[in-house]
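# Reading the structure
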Amino acid sequence: MDISKGLPAIQSHRDLHIWITENQKMVPVPEGAYGNFFEEHCYVVLHVPQSPTATQGASSDLHYWVGKEAGAEAQGAAATFVQRLQEERGALTVLHREAQAHESDCFRSYFRPGIIYRKGGLPSDLKHVETNMFNIQRLLHIRGRKHVSATEVELSWNSFNKGDIFLLDLGKMMIQWNGPKTSISEKARGLALTYSLRDRERGGRAQIGVVDDEVKAPDLMQIMESVLGRRVGSLHAATPNKDISQLQKANIRLYHVYEKGKDLVVLELATPPLTQDLLQEEDFYILDQGGFKIYVWQGRMSSLQERKAAFSRAAGFIQAKGYPTYTNVEVVNDGAESAAFKQLFQIWSEKRSRNRQLGRVDKPTHVKRDVVKLHSQPELAAQLRMVDDGSGKVEVWCMQDLCRQPVDPKLHGKLCAGNCYLVLYTYQRLGRGQYILYLWQERAGHHGREQSAPTTRLFHVQGSDSYSTKTVEGCNGDQREMARVAVTVISKKNEETVLEGQEPPHFWEALGGRAPYPSNKRLPEEVPSIQPRLFECSSQMGCLVLAEVVFFSQEDLGPYDVMLLDTWQEIFLWLGGATGAWKEAVAWGQEYLKAHPAGRSLATPIVLVKQGHEPPTFTGWFFTWDPYKWTPDLSHKEVVEGSPGTALPISEIRAEVNSFRLSRWPGNGRAGAMSLQALKGSQDSSGNELMRGPKLGGTSSFLSSTSTSINGALPREQLMHQAAEDLPEGVDPARREFYLSDSDFQDIFGKSKEEFYSMATWRQRQEKKQLGFF
């Protein structure tokens, strides 16, 4: 099968491509429908890195997604398509098998603010999503933490529970019902998905209501009961999440898979800590991560037959182990491993992997580090782990008997074993004073380099960090000078300099006698070139649970989040402005290191970062960073409570509800499905009478259409640079840009209304301020 026939060529400017099974063939999914998945179909998703930071030859991700109601023919067509596509893409492709509702974090990271699971199959006209289609009614069950999903469920109160969020979608009106046990962060993320659905599927022309408390939302409850009938009995509890804890993910085993005669042998090879040299280029391996995920590693010299059988071998392994059929499978090739796979090993060398393919050995090179550029290049600050050149103010305190004693500046840098120190570093950034507070303590039972690791982190200029990329044979002049300084601190007696090869007898006697010692060229310890990873932190039954955000950006940091950024040499814990879980964050950072399958050092520095006070050593790991992003924004509570503005009177909303023609559920006497036909006439797809608008006060709120006194577009002169009191009657001052004609909006903002309202709220506000609409 030629995958290019009947399919558009893969566009180089796009990073995501999706196909769906239809009549035993694969057809492309329009971009506007990305994130919608019909459960009777299979999908193929290809992600091609387009980020300027992506290195040449970066691997692509190819996902094979199976709906829970997908038939054998659909699965066969998708599997064949994946195999052909992989052959065309080459070895730099990571394969994933995904099952509905059990997708990998990598897959879920493509679809923000969430995934929509749709019942049945794709309509015969192949329309995935009908934009501006208001003749619809459905109930969506929304759940998830950082990765949110919405599943179509039965339009009945029986579908509801206390711990999740439900969206009653009635076309012109969308009501988000929050279970009494849902958290503020879950409500906010559910609302983000509701906004997204409104903007993508209704062109922004729908009212949104939020029910946080049924007693305080009688109007919205009246609408819900007109559709669902009166609720009989109490709500049941939510089904507990079956999230996998870090302790479960740390249980990994490596198996060697090979053929012996006509038999397939699966031999357990190793348990943590795993090392890269266990993987031989001519062989085939399975790595089992606690039954949560199965990795298949294919050496570059493995046979073509073995490569084609990767998924089937993984499926056989899953069956033999008694794991669920939906267990996630990831197939990686030698030299194109994913970041998640590499971090399961104690040390992973990209040079070793690359040189094994090229058959050469690289010589270490010296890279000059210009600390003057740290302020203008945060990515350099992140790599060097330095916020500046060390010229800021340093204050040190020694903690003794629960008291803080200041340390004389002359003694800075001299840290005594058994003591605990606080170090405050003050520096300037963007014209403001910034602070970093370090806690240094000796690890019990550890000495030497392991103990002194935090010291190096505190004082980059004084330590030997600036030489970590050099090849060292013997000692250099700077090290000899440092030794002389150390001698004056350790002893006030006469010092003696001894050169290698000219040691006097008493020198060896002091060391307990002469003995062999390493005398060859010593290379500095290699710093793993591992891709940084971002996780959302939460706790379940007292255990740390992480959800990874792949291809992360600043947009993934929310005010209710505690996020963990692992750069391997440091662990950052980012605290959103609305969370106070800093004590839990420190414990989570320590638990993360303890449970890491690679056997991470517990001396790895843990850095707490608060929202709005991010140092360049943190922001430098993000492709772009806006230091002014954290401006006041509407919280979920503010959305629910509403703000002043003009909205449809509640009487008009009731009239709209009363105009619906109701039918009955068979045999139960309760109100049921609605045809959504209003007294004004048959419903059209344009929805001209419904436009974006402000909120209505109260615990139940409507993010409603604009006042009906406004009919059509208004001239730009009446909207731009006008005080609120000078705007035409009925215009919402907070949404004045929406009253522009489509052509004026495109001319002024350089984009369509749909594109503008799909942007983050803070970006919308920023552009409106610049253009005179705020």
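Presented here is a report on the structure given in the accompanying data block. (Residues numbered from 1 in each chain as written. Predicted model: local features only at pLDDT ≥ 70, side-chain atom pairs only at ≥ 80, totals over all residues. Heavy atoms only, no water.)

## What about the overall build of the chain?
- A count of helices and strands for the chain gives 20 helices and 29 strands.
- Expressed as a percentage of the 774 residues in the chain, the buried residues total 47%.
- The contacts in the chain between residues at least 6 apart in sequence include a share of 62% that link residues at least 24 apart.
- Taken as a whole, the chain presents about 39,300 Å² of accessible surface, with 51% of it coming from carbon and sulfur. (Helix = DSSP H or I, 4+ residues; strand = E, 2+ residues; numbered from the N terminus. Buried < 20%, exposed > 50% of the residue type's maximum accessible area, 1.4 Å probe, protein only. Contact = heavy atoms within 4.5 Å. Areas by Shrake-Rupley, 256 points an atom, 1.4 Å probe, with all protein chains shown as cover.)

## Describing the sheet that holds strand β4 (residues 42–47)
- The strand order β2-β1-β4-β5-β6-β17-β16-β15-β13-β14 describes an open sheet built from ten strands, whose pairing is mixed. Two strands bound the open sheet, and with one partner strand each, they are β2 (25–28) and β14 (263–270). Put simply, the sheet's adjacent strands are angled 20° from each other on average, direction ignored.
- The pairing of strand β16 (residues 293–298) with strand β17 (residues 328–333) spans six bridges and is classified as parallel. Bridge pairing links I294 to V329 in β17.
- Seen against the sheet, helix α7 (residues 310–321) touches β6 (93–99), β13 (252–260), β14, β15 (284–289), β16 and β17 and runs at an angle of roughly 45° to β15. (Pairing = 2+ DSSP bridges. Axes fitted to C-alpha atoms, helices over the stretch in contact; angles between N-to-C directions.)

## A look at the nonpolar core
- Residues W19, C42, V44, L62, L85, I286 and V296 are the most contacted members of the largest nonpolar core, which totals 28 residues.
- Of all the elements in the fold, those that place two or more residues in this core are β4, β5 (60–66), α1 (72–89), β13, β15, β16, α7 and β17.
- Element by element, the count of residues in this core is highest for α1, at five residues.
- Beyond its immediate chain neighbours, meaning those up to four positions away, C42 contacts W19, I20, T21, M26, Y64, W65, V66, A70, A74, Q75 and A78. (Core = buried A, V, L, I, M, F, W, Y, C linked by side-chain atoms within 4.5 Å.)

## Observations regarding the environment of S59
- Tracing the chain through its elements places S59 in the loop between β4 and β5.
- With 31 residues separating them along the chain, S59 and G90 place their C-alpha atoms 9.6 Å apart.
- Contact partners of S59, with chain neighbours within four places excluded, come to P49, L92, V94 and A336.

## Let's talk about the environment of L437
- The topology assignment puts L437 in strand β21 (residues 432–441).
- Placed 42 residues apart in sequence, L437 and E395 show a C-alpha to C-alpha distance of 9.5 Å.
- With near-sequence residues (within four places) excluded, L437 lies in contact with L422, V423 and L424.

## What to know about the pattern of salt bridges
- For the coordinates displayed, the defined rule picks out 31 salt bridges.
- Ionic pairing is found between E103 and R108, a salt bridge with its closest N-O pair at 3.1 Å. There is no split in this pair, since E103 and R108 are both buried.
- A salt bridge links R138 to D169; its shortest N-O distance comes to 3.0 Å. Placement of the pair is R138 in strand β8 (residues 138–143) and D169 in strand β10 (residues 165–169), with a sequence separation of 31 residues.
- Several salt bridges converge on common partners, so that one network encompasses R118, R138, E152, D169, E201 and R202. (Salt bridge = Lys/Arg side-chain N within 4 Å of Asp/Glu carboxyl O.)

## Quick notes on the packing of aromatic side chains
- Counting across every chain of the model gives 39 aromatic pairs.
- Between the aromatic rings of F552 and F622, the centroid separation amounts to 5.1 Å while the plane-to-plane angle is 75°, which identifies the pairing as edge-to-face. Taken together, the residues F552 in the loop between β23 (543–549) and β24 (562–566) and F622 in the loop between α15 (616–619) and α16 (636–641) connect sequence positions 70 residues apart.
- Of the residues examined, F552 reaches a relative accessible area of 15% and is grouped as buried.
- Relative accessible area serves as the criterion here: at 5%, F622 is assigned to the buried category.
- Chaining the aromatic ring pairs together yields one cluster made of F37, Y43, W65, F107, Y110, F111 and F551.
- For R313, the ring lying beneath its charged end belongs to F284, and the centroid distance is 4.8 Å.
- The residue whose ring lies beneath R600 is W568, and the NZ or CZ to ring-centre distance is 3.9 Å. (Phe/Tyr/Trp six-rings, centres within 6.5 Å; stacked < 30°, edge-to-face > 60°. Lys NZ or Arg CZ within 6 Å of the ring centre and 35° of its normal.)

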